[in-house]
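Here's the letter readout for the chains.
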Amino acid sequence: RKSVVRITTGSQALDKLLGGGIETLCITEAFGEFRSGKTQLAHTLCVSTQLPIHMHGGNGKVAYIDTEGTFRPERIVPIAERFEMDANAVLDNIIYARAYTYEHQYNLLLGLAAKMAEEPFRLLIVDSVIALFRVDFSGRGELAERQQKLAQMLSRLTKIAEEFNVAVYITNQVIADPGGGMFITDPKKPAGGHVLAHAATIRLMLRKGKGEQRVCKIFDAPNLPEGEAVFQVTSGGIMD
Ligand code: ATP
Ligand code: MG
């Protein structure tokens, strides 16, 4: 049996909220408005995943699928320095791929799974998981097909998490929620509907606070108490 590994986010407050960090064997989703820190958390996890286990890392490599072209290798450098790691070695252990269509995104996953069978990976990032679906299925009548293809993609992600004991970190966009519903002060909700809600084990909602401050709220997670954590986004990555 594989045992779960928890990877530090760089913020003790956020780690505490998550019960120790981002978990392997499942999907963690972060959604929130632009600049809320979704991608900077991804950058930070690219580095922290490579820390040894006793430093709350995962002692493994990272696979990164980028659908928006926002991964910045030069942003990895100060994060690596902050964790006192060699930046070039850290970059060498990040397998990066840019996806241009949802089908391309799916095929990249298949290729990465083959790599994971050969080398020790501990994290797979998809930033953002849904952007290409929203472009490729933009017509009104295409929603059912989009959701079906999205479900396929997410089921593949779950399989990878379980088969290779990796943490899967996906980012999601927020969309207007005309109904308002539970978001009385901020009428937005995560995209992807029930399909995404069902696939993501841990759903995190990020929002901006003052200055560099960000707030993370547990939106849905079966084993975590409800709560919030405040952290900072800095050039050294996520921190308290
Ligand atoms: P989006 O929805 O646009 O993808 P996001 O949630 O991914 O947004 P990030 O890209 O993680 O947001 O940005 C979070 C914060 O990081 C922003 O406030 C931004 O100012 C800051 N930031 C961007 N680039 C740098 C950098 N090179 N060094 C430090 N902070 C940066
Ligand atoms: Mg981003």
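Residues numbered from 1 in each chain as written. Chains lettered and ligands numbered in written order. Predicted model: local features only at pLDDT ≥ 70, side-chain atom pairs only at ≥ 80, totals over all residues. Heavy atoms only, no water.

Participant: What am I meant to see in the overall build of the protein here?
Facilitator: Per the secondary structure count, the protein includes eight helices and 13 strands. Here the protein has a C-alpha radius of gyration of 17 Å; the compact-globule value for 240 residues is 18 Å, and the two agree. With respect to the three principal axes, the spread of C-alpha positions in the protein is 50 × 40 × 35 Å. Here the protein holds 240 residues, and the buried ones make up 50% of them. Accessible surface computed for the protein: about 11,300 Å², of which carbon and sulfur atoms make up 51%. (Helix = DSSP H or I, 4+ residues; strand = E, 2+ residues; numbered from the N terminus. Rg over C-alpha atoms; globule rule 2.2 N^0.38 Å. Buried < 20%, exposed > 50% of the residue type's maximum accessible area, 1.4 Å probe, protein only. Areas by Shrake-Rupley, 256 points an atom, 1.4 Å probe, with all protein chains shown as cover.)

Participant: What's the story with the confidence of the model for the protein in this structure? I'm lost.
Facilitator: Predicted coordinates in regions of low pLDDT should not be interpreted in detail. Averaged over the protein, the pLDDT score is 95; the fraction of residues at 70 or greater is 96%. Quick note on the complex model: pTM equals 0.95, ipTM equals 0.92. (pLDDT = per-residue confidence, 0-100.)

Participant: In this structure, what is going on with the nonpolar core? I would like to understand it.
Facilitator: Nonpolar side chains in soluble globular proteins tend to end up buried together. Counting 40 residues, the largest nonpolar core has Leu14, Leu18, Cys46, Val47, Ile94, Ile125 and Tyr169 as its most contacted members. Per-element accounting of this core gives the leading share, five residues, to helix H2 (residues 38-48). Residues within four places of Ile94 in sequence aside, it is in contact with Cys46, Gln50, Val62, Tyr64, Phe71 and Ile76. One finds Met116, Phe121, Phe164 and Leu196 within the second-largest nonpolar core, a separate group that totals 33 residues. (Core = buried A, V, L, I, M, F, W, Y, C linked by side-chain atoms within 4.5 Å. Contact = heavy atoms within 4.5 Å.)

Participant: Any chance you could explain the pairing of strand E11 (residues 213-220) here in plain terms?
Facilitator: Across a regular strand the side chains alternate sides, sitting on one face of the sheet and then on the other. Summarising the sheet, strand E10 (residues 202-208) and E11 pair through six bridges and their orientation is antiparallel. In the sheet register, Arg203 faces E11, and the bridge partner there is Asp220. From the end of E10 to the start of E11, which pair antiparallel, there are four residues, and Gly211 there has a positive phi angle of about 55°. Bridge count for E11 against strand E12 (residues 228-234) is five bridges, and the pairing is antiparallel. Following the sheet pairing, Gln213 is matched in E12 by Gln232. (Pairing = 2+ DSSP bridges.)

Participant: Can you walk me through the environment of Gly237 in this structure?
Facilitator: Its place among the elements puts Gly237 in strand E13 (residues 237-239). Sequence spacing of Gly237 and Leu41 is 196 residues, and the spatial spacing of their C-alpha atoms is 7.0 Å. When near neighbours in sequence (up to four residues on either side) are disregarded, Gly237 contacts Gln40, Thr44, Ile79, Arg82 and Gln232.

Participant: I'm lost on the sheet that holds strand E7 (residues 167-172) in this one. Help?
Facilitator: Strand order in the open sheet made by the nine strands is E5-E4-E6-E7-E3-E10-E11-E12-E13, with mixed pairing throughout. Edge positions in the sheet fall to strand E5 (94-98) and E13, since each of these pairs with one other strand and no more. With direction set aside, neighbouring strand axes in the sheet form an average angle of 25°. Note that strand E3 (residues 27-32) and E10 share five bridges and pair parallel. By the bridge assignment, Ala30 is partnered in E10 with Leu204. Here helix H7 (residues 143-164) sits on the sheet in contact with E3, strand E6 (121-127) and E7, set at roughly 165° to E6. (Axes fitted to C-alpha atoms, helices over the stretch in contact; angles between N-to-C directions.)

Participant: Honestly, unusual backbone geometry in this entry has me stumped. Any pointers?
Facilitator: Glycine aside, negative phi is the norm for most residues, and most peptide bonds take the trans geometry. A cis amide bond, omega -5°, links Asp127 with the succeeding residue Ser128. Considering the arrangement of structural elements, one finds Ser128 in the loop between E6 and helix H6 (131-136). A positive phi angle, near 60°, is found at Glu84, a position not held by glycine. As for its position among the elements, Glu84 is in the loop between helix H3 (73-82) and helix H4 (87-92). Glu84 sits in the exposed class, given a relative accessible area of 76%.

Participant: Please clarify how the packing of aromatic side chains should be interpreted in this entry.
Facilitator: The description of an aromatic ring pair rests on the distance of the ring centres and on the angle between the ring planes. Per the stated rule, a full pass over the model turns up seven aromatic pairs. Aromatic pair Phe71 and Tyr96: ring centres 5.0 Å apart, planes at 25°, arrangement stacked. On the criterion of sequence distance, the pair formed by Phe71 in the loop between strand E4 (61-66) and H3 and Tyr96 in strand E5 is long-range, its members being 25 residues apart. Judged by its relative accessible area of 9%, Phe71 falls in the buried class. Consider the rings of Phe133 and Phe137, whose centres lie 6.4 Å apart with planes at 15°: the pair is stacked. When sorted by exposure, Phe133 lands in the same class as Phe137, which is buried. Put simply, the rings of Tyr64, Phe71 and Tyr96 touch in pairs and so form one group of aromatic residues. When the ring centre of Phe34 is taken as origin, the NZ or CZ atom of Lys208, which lies over that ring, is 3.9 Å away. (Phe/Tyr/Trp six-rings, centres within 6.5 Å; stacked < 30°, edge-to-face > 60°. Lys NZ or Arg CZ within 6 Å of the ring centre and 35° of its normal.)

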